[in-house]
Amino acid sequence: SRAPAAPSITNNQEAGVDEGDIVKAIGDTLVILRRGRLFTVETRGGALRAVDRINAYPPGVDGSEGWYDEMLVAENWIVVIGYSYGRGGTEINRFRLGANGRMTFVDSHLLKSGDYYSSRNYAGRLVGRELVTYAPIGVRGGNPLGVLPGLVRWAEGRGDAGFSGPPAAIMEASDVYRAVDPETKPRGWDTLHTVIRCDLTAPQLQCRGAAVLGPY
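Right, let's walk through the structure included here. Nothing here was measured: the structure is a model prediction, and the numbers come from that model.

1. Concerning the state of the cysteines
1) Next: Within the structure shown, the criterion is met by 1 disulfide.
2) Next: Here Cys198 pairs with Cys207 through a disulfide, and the sulfurs are 2.0 Å apart. Between Cys198 and Cys207, the disulfide has an S-S torsion of 110° and is therefore right-handed. Across the pair, Cys207 and Cys198 agree in class, each one buried.

Here it is, written out as structure tokens:
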């Protein structure tokens, strides 16, 4: 495996693949995710100096609707990932870190999905500048393709209503796989185990997904 592109304070399981955490280092600045807020702390010269704080979700949004579990950093980009049961999807909130240690909200997206997995380990990975995340999606009723995840870009200035737009498709039927012999009749196969990949530093967040159908 290749060496990581930059030093990381996260205890990574694989070289070159950064994992979600609640404390990250960008140069001499620590970025800390705690209770729905981001904090920056300057460490230059061996000191610890608080610099900035900002909500880990869009301005005007009710943060109590989401669980903000982890963050990843790429260059001077910060991404916070969480799940909102009220909005029914995984939130991807992006910020930029300035040279002065201050943070600026950039945009927010909602991946429409059934849940966000983090019961045993963080679900987000960063490979280069590409965010890779996992979400299980329940398949019920007579329209299985209707549950495929979609991406909603938050509309600025509309608060929680900004997540109500129609989702853009990031998958199609050919992106769904079934790892089973055709002669085998699956029982209780009601979950799309979905892996979604996004270029974290793209000016407009673009994501693509693929899924395997199987039991929960």
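Read on for the rest.
2. Comments concerning the nonpolar core
1) Next: Ranked by internal contacts, the top residues of the largest apolar core, which has 21 residues, are Ile92, Ile170 and Cys207.
2) Next: Looking at this core, the elements with two or more residues in it are strand S6 (66–74), strand S7 (77–84), strand S11 (130–138), strand S15 (191–199) and strand S16 (207–214).
3) Next: Counting residues per element, this core draws most heavily on S15, at 3 residues.
4) Next: Contact partners of Ile170, with chain neighbours within four places excluded, come to Leu111, Pro149, Gly150, Leu151, Ile196, Cys207, Arg208 and Gly209.
5) Next: Leu38, Tyr68, Met103 and Phe163 belong to the second largest nonpolar core, which has 20 residues in total.

3. Structural notes on the packing of aromatic side chains
1) Next: Under the counting rule described, the total for this entry stands at 4 aromatic pairs.
2) Next: Put simply, the rings of Phe95, Phe105, Trp154 and Phe163 pair up and form one aromatic cluster.

4. Let's talk about the environment of Val31
1) Next: Its location among the elements puts Val31 in strand S3 (residues 29–34).
2) Next: When the C-alpha positions of Val31 and Gly101 are compared, they lie 9.1 Å apart, and in sequence the two are 70 residues distant.
3) Next: Apart from the residues lying within four places of it in its own chain, the contact partners of Val31 are Ile22, Val23, Lys24, Ile26, Leu38, Phe39, Thr40, Met71 and Ile78.

5. Some details on the sheet that holds strand S10 (residues 125–127)
1) Next: Taken together, 6 strands build an open sheet; the order of strands is S1-S10-S11-S15-S16-S14 and the sheet is mixed. The sheet terminates laterally at strand S1 (17–19) and strand S14 (176–177), the two strands that pair on one side only.
2) Next: Across 2 bridges, the pairing between S14 and S16 is parallel. Following the sheet pairing, Val176 is matched in S16 by Ala211.

6. Remarks on the environment of Asp62
1) Next: Tracing the backbone through its elements, the reader meets Asp62 in the loop between strand S5 (49–55) and S6.
2) Next: C-alpha separation for the pair Asp62 and Gly159, spaced 97 residues apart in sequence, amounts to 7.6 Å.
3) Next: Ignoring anything within four residues of it in the chain, the contact list for Asp62 reads Arg87 and Asp160.
4) Next: One polar contact links Asp62 to Ser64, side chain to side chain, over a distance of 2.7 Å.

About the criteria used
- Residues numbered from 1 in each chain as written.
- Predicted model: local features only at pLDDT ≥ 70, side-chain atom pairs only at ≥ 80, totals over all residues.
- Heavy atoms only, no water.
- Disulfide = S-S within 2.5 Å.
- Buried < 20%, exposed > 50% of the residue type's maximum accessible area, 1.4 Å probe, protein only.
- Core = buried A, V, L, I, M, F, W, Y, C linked by side-chain atoms within 4.5 Å.
- Helix = DSSP H or I, 4+ residues; strand = E, 2+ residues; numbered from the N terminus.
- Contact = heavy atoms within 4.5 Å.
- Phe/Tyr/Trp six-rings, centres within 6.5 Å; stacked < 30°, edge-to-face > 60°.
- Pairing = 2+ DSSP bridges.
- Polar contact = N/O pair within 3.5 Å; in protein donor to acceptor, adjacent residues only side chain to side chain.

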